[in-house]
Amino acid sequence: MPDDKVTAAVPDIVSVLPLRGAVVFPHAVVPLAAGRASSVRLVEDAVQSGRVIAAVLQRDPTEDAPDQRGLHPVGTLTLIHKVFKQPDGSLRLVVQGIGRVRLVEVVQTAPFLRARVEPLGDDGESPDMETEALARSVTSLFQRVVALSPTLPDELVATVSGAETPGALADVVTATLPTLALAAKQELLETAAVKARLQRLVTALGKEAEVLELGSKIQSEVHSEMSKTQREYYLREQLKAIQKELGESDDRTQEIDALREKIEAAGMPEEANKEALRELDRLAKMPPAAAEYTVARTYIDWLVSVPWKEETVDDIDLVRARAILDEDHEGLDKVKDRILEYLAVKKTRPGGRDPILCFVGPPGVGKTSLGKSIARTLGRKFHRISLGGMRDEAEIRGHRRTYIGALPGQIIQGLRRAGTKNPVLMLDEIDKLGMDFRGDPASALLEVLDPEQNSTFRDHYLDVPFDLSRVLFITTANVLDPVPPPLRDRMELIALAGYTEEEKIAIAERHLVPKQAREHGLALGAEVTFTREALRLIARGYTREAGVRNLEREIATVCRKIARRRVEGRTEPVVVTPDEVTSLLGAPRFELEELEERTRVPGVAVGLAWTPAGGDVLYVEAGRMDGKGTLTLTGQLGDVMKESAQAALSWVRAHAAELGVDPGFWARSDVHIHVPAGAIPKDGPSAGVTLTTALVSLLTGRRVRAGLAMTGEVSLTGRVLPVGGIKEKVLAAHRAGIRTVILPRRNQKHLVEDVPAAVRQVMTMHLVDALDDVLRLALEEAPVGVA
C-alpha cells in the first residue's frame with residue numbers, strides 16, 4: 001500500500017495493544033494472542049469501533065500493565081480481520097499491518113491503553129539503481145533461504161515477489177524470517193530509511209543462508225554415514241542368510257557379537273575400550289585354528305571381566321563400626337580408634353584418598369581378621385593376597401602377553417575375584433617377600449601402594465591403565481626389618497603388640513571355645529563347659545605367646561579328647577576345670593616357680609627381650625672362677641650384646657670400691673656370662689642393665705629380688721638409656737608371672753601410652769635414670785655368701 005494511502009487511513013487516537021513476544025510489520029498478516037484482561041477489553045472494543053488498533057512491542061515482557069515508558073516508541077497500525085474466543089477467556093486474532101506509527105502521547109490507561117499517534121512513511125522510496133540492486137539481492141537471498149530451510153514453505157517466495165515497493169519487500173521478508181531476533185526486528189521496524197533496511201536484511205539473509213548451508217552439509221554427512229552403516233548391516237544380514245542356506249555354522253559370528261556386547265557393557269575407559277575393540281577386530285579376522293586366536297580371546301575375556309565400573313557404596317555408621325570391631329576383637333583400643341578415625345574422615349569426605357595401613361605385630365594377634373572387620377564396617381568386598389615367599393615381580397604386575405600361559409598379576413586377579421573396583425585388598429605377610437633373578441616384588445609394590453601413582457596402574461598383561469585409587473590396601477607384617485625403606489615410607493604403621501592374659505581369656509570365652517566346640521561336634525553348655533580358671537591355666541601354663549593361636553590349639557586338644565570320650569561311650573557332660581585340664585593336657589609346660597628358683601643364687605638376673613613373637617623373658621647368668629682377667633660370652637650373642645657386656649664389666653671394674661668389690665678381682669679372676677637358650681640368636685643393647693646387675697650380684701653375693709625383671713641400655717658413665725618394645729616386654733613379664741619391672745625413665749611415655757591400664761595396675765613399675773638406682777631396687781640388702 002502506498003504511504004499516502006496509509007497516512008490518510010491513520011486516525012489521530014487509537015487503542016494500543018502491548019505485545020510481549022512479537023513484532024508486527026506493515027503488509028504482513030500475523031496471528032496474535034490477547035490474554036490480559038485489558039487486552040481482551042481492547043480487542044472487544046476495537047471490533048465494535050472500526051477494527052483498527054496499534055500493536056507495539058513491550059520493553060519488558062514480564063510487565064503486566066506497561067505505560068508509555070514501557071513501550072517502544074514505534075509500532076504498527078493493524079486491521080483486525082478475525083477474532084476467536086478461547087475456552088480460558090483469552091482471544092486469538094488475525095491482524096494485518098497497515099503502516100508504521102509513532103506513539104506521541106498516551107491519553108488513556110484504563111481500562112486499556114489509548115494513545116495519540118502519528119504515521120511514519122518510508123524515506124527514500126523513490127527508486128534508484130542502488131535500491132533496486134538491494135531489493136533484487138534481498139529477493140535472491142530470501143529465495144535461497146526458503147530453498148534451504150525445512151520450515152519455510154515455498155509459497156513465501158511468491159508472496160515476496162508480489163511486493164509492490166522495496167519498502168514493502170523489506171517488511172514482508174523481515175516478518176517471515178523466523179530466526180531474526182526480536183530486538184533486530186524492532187530495530188528494522190523503527191528504521192524509516194528503505195535503503196538502510198534493505199542493507200541490514202542483505203547481511204542477515206546472507207548469514208542465515210550460510211548457517212543453513214552448513215547445517216545441510218552436516219545433515220548430508222550424517223545421512224551418508226547412516227547409509228553406509230545401513231548398507232553394512234544389510235550386507236551382514238545377507239551374509240548370514242547365505243551361510244544359513246549353505247548350512248555353514250555361524251557360532252563364530254555369534255561369539256564375536258557376544259564379545260562386542262560385553263565390551264560395550266563393561267564400562268571401560270576410552271583407552272581400554274579402544275584396545276579391546278582393536279583386539280576384537282584382530283580376533284574376527286583370525287581362523288580359530290591359529291595359535292594367536294586363544295591368546296587374543298583370553299586377553300579379551302580378562303578385559304571384560306575386570307570390574308571397570310562396578311563398586312560398592314560405603315555404608316559408614318561409626319556406632320555400628322565400633323560394635324563390629326568390639327565383637328570381632330578384644331582389646332586393641334588404639335588400633336580400633338585409628339580405624340574409626342579413618343571411617344569418620346571417609347564419611348565427611350567420601351572422595352578422599354584411602355590410606356595404606358600396615359598392621360605390624362606377632363603371629364596370632366588378629367591382623368588378618370582386622371582387615372575383614374574393616375571390610376564389614378564399610379560394606380565392601382574383602383580379598384586377601386598372600387605375599388609370603390613371592391619372588392617374581394610378575395606376580396604383582398603380571399606377565400607380558402608374549403609369554404606362553406601369561407596372566408595378569410595378583411592385584412588385577414584379586415580385583416576380578418572381588419568383583420568391584422573398590423574392595424579391601426589385604427596384602428598379607430609383606431615382610432616375607434623374596435627377591436631373585438626374576439625381579440623384586442617389593443619394588444613393584446611401590447607403585448601399587450602409592451596414592452599418587454596407582455590411579456594409572458598398568459598391568460603388564462592388560463597393558464591399559466587401571467585406577468587403583470579406590471581400593472583400600474591393608475598390609476600385614478611380623479617385623480619391619482625386611483621391608484625396604486621406600487616401601488615402608490608409603491604405609492601408615494599400626495603396631496599390634498599382643499594380648500594380656502585377661503584379654504586372652506575373654507577371646508577364648510567369646511570366640512575360641514564356641515568355635516572349637518562346634519568344629520568337634522560338641523554342644524557348648526550341654527556337653528562341654530570351660531571354666532575361667534581352666535582357661536587361665538591353659539593360657540598361663542601351656543602357652544606363652546603374644547597371640548592366641550597356641551591357646552586355640554590347646555583348647556582344640558581338650559575338645560578332641562572329650563569327643564573321643566563321648567564316642568567311647570562316656571556321654572556325661574564335662575565341666576573343664578584346672579584339674580581336668582591337667583589330666584587331659586599333662587603337666588603345665590611353663591611353671592611360674594621356675595623364675596624364683598633360678599634367681600635363688602647370686603649372679604642370675606632376669607631381663608626382658610623383644611622378639612617377633614611378641615617379647616620374652618631372658619635369663620642372664622654370670623659365673624666367676626680363678627684366672628687372669630678373661631671375659632667369656634656364650635649363648636649365641638650378637639655383636640651389640642657382646643659390647644653391652646664389655647661396657648657392663650668396665651663400669652663394674654671402675655666402681656668396684658663403691659660396690660664393695662675387691663678392686664683387684666679382675667687380675668686373678670675369669671668371668672663367664674651365659675644367656676640360656678643357646679640355640680636362639682640374641683642381640684641388642686637393651687640387656688645392658690641385666691648384664692650389669694648379674695655381674696654385681698655375682699661379685700657382691702647379693703641375690704636379685706624374686707619376681708623382678710628389667711630392661712635398659714647402659715652407658716660407661718652409668719646412665720640408663722631408653723630402649724624399644726616396651727609394651728611387648730612388659731606383657732612378656734606379665735605372662736611369666738613377674739610383677740616388678742625396672743624400666744628407663746625416658747620410656748615413661750611408652751609405658752603410659754602403650755601398656756594396658758589393667759596390666760599397669762597389677763604390676764609395680766620402677767623408672768630409673770642411673771645404674772645405682774637399678775642396683776638399689778634389684779639386689780637384696782644382705783649377701784648370701786662370699787663372691
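Residues numbered from 1 in each chain as written. Predicted model: local features only at pLDDT ≥ 70, side-chain atom pairs only at ≥ 80, totals over all residues. Heavy atoms only, no water.

### Topic: the sheet that holds strand β7 (residues 357–360)
Two modes of strand pairing occur in sheets, parallel and antiparallel, and in both the strands are linked by backbone hydrogen bonds. The sheet built from five strands is open, its strands ordered β8-β9-β12-β7-β13 with parallel pairing. The sheet is open, and its two borders are formed by β8 (382–386) and β13 (492–495), each paired with just one other strand. Averaged over all neighbouring strand pairs, the angle between strand axes comes to 25°, with direction disregarded. By the bridge criterion, five bridges tie β8 to strand β9 (residues 424–428) in an arrangement that is parallel. Considered in β9, the bridge of Ile-385 is made with Leu-427. Across the sheet, helix α12 (residues 333–348) is in contact with β7, β12 (472–477) and β13; its angle to β13 comes to roughly 145°. Running at roughly 175° to β9, helix α13 (residues 367–378) makes contact with β7, β8, β9 and β12 of the sheet. (Pairing = 2+ DSSP bridges. Helix = DSSP H or I, 4+ residues; strand = E, 2+ residues; numbered from the N terminus. Axes fitted to C-alpha atoms, helices over the stretch in contact; angles between N-to-C directions. Contact = heavy atoms within 4.5 Å.)

### Describing the nonpolar core
The biggest cluster of nonpolar side chains holds 51 residues, and the ones touching the most others in it are Ile-430, Leu-445, Leu-449 and Phe-473. Only α8 (251–265), α9 (270–285), α10 (291–305), β7, α15 (410–418), β9, α16 (441–448) and β12 provide two or more residues apiece to this core. With six residues, the single largest contributor to this core is α10. Not counting residues within four places of it along the chain, the set of residues in contact with Leu-449 comprises Ile-356, Leu-427, Ile-430, Phe-473, Thr-475, Leu-487, Arg-490 and Met-491. Core analysis: the next-biggest nonpolar cluster, separate from the first, contains 50 residues, Phe-359, Leu-522, Leu-535 and Val-581 among them. (Core = buried A, V, L, I, M, F, W, Y, C linked by side-chain atoms within 4.5 Å. Buried < 20%, exposed > 50% of the residue type's maximum accessible area, 1.4 Å probe, protein only.)

### Quick notes on helix α11 (residues 318–328)
Since one α-helical turn is 3.6 residues long, residues separated by three or four positions face the same way. Those residues of α11 that fall on the buried side of the exposure criterion are Ala-321, Ile-324 and Leu-325. The arc that holds every buried residue of α11, seen down its axis, measures 95°, which confines them to one face. Where α11 is buried, its residues meet α12 and α13. Capping the start of α11, Asp-317 holds a side-chain oxygen 3.2 Å from the backbone nitrogen of Val-319, two or three residues further along. (Arc of directions from axis to C-beta. Polar contact = N/O pair within 3.5 Å; in protein donor to acceptor, adjacent residues only side chain to side chain.)

### Notes on empty space enclosed by the protein
Any empty space left between atoms is shown by rolling a water-sized probe over those atoms. Within this structure, the stated rule accounts for two cavities of 30 Å³ or more. Approximately 50 Å³ is the volume found for the largest cavity. Forming the boundary of the largest cavity are Arg-353, Asp-354, Ile-356, Pro-451, Asn-454, Leu-468, Ser-469, Val-471 and Phe-473. When its volume is computed, the second largest cavity comes out at roughly 40 Å³. As for the second largest cavity, its lining consists of Glu-501, Lys-504, Ala-539, Arg-540 and Arg-735. Secondary-structure elements contributing two or more residues to the lining of the second largest cavity are α18 (501–519) and α19 (532–542). For the lining of the second largest cavity, the per-class residue count stands at one nonpolar, no polar and four charged. (1 Å grid on protein atoms, 1.4 Å probe; cavity = no way out; pocket = protein on both sides within 12 Å on 5 of 7 lines; lining within 4 Å. Points joined across faces, edges and corners; volume = space filled by probe spheres on them. Nonpolar A, V, L, I, M, F, W, Y, C, P; charged D, E, K, R; others polar.)

The values are spatial; any link to function lies outside them.
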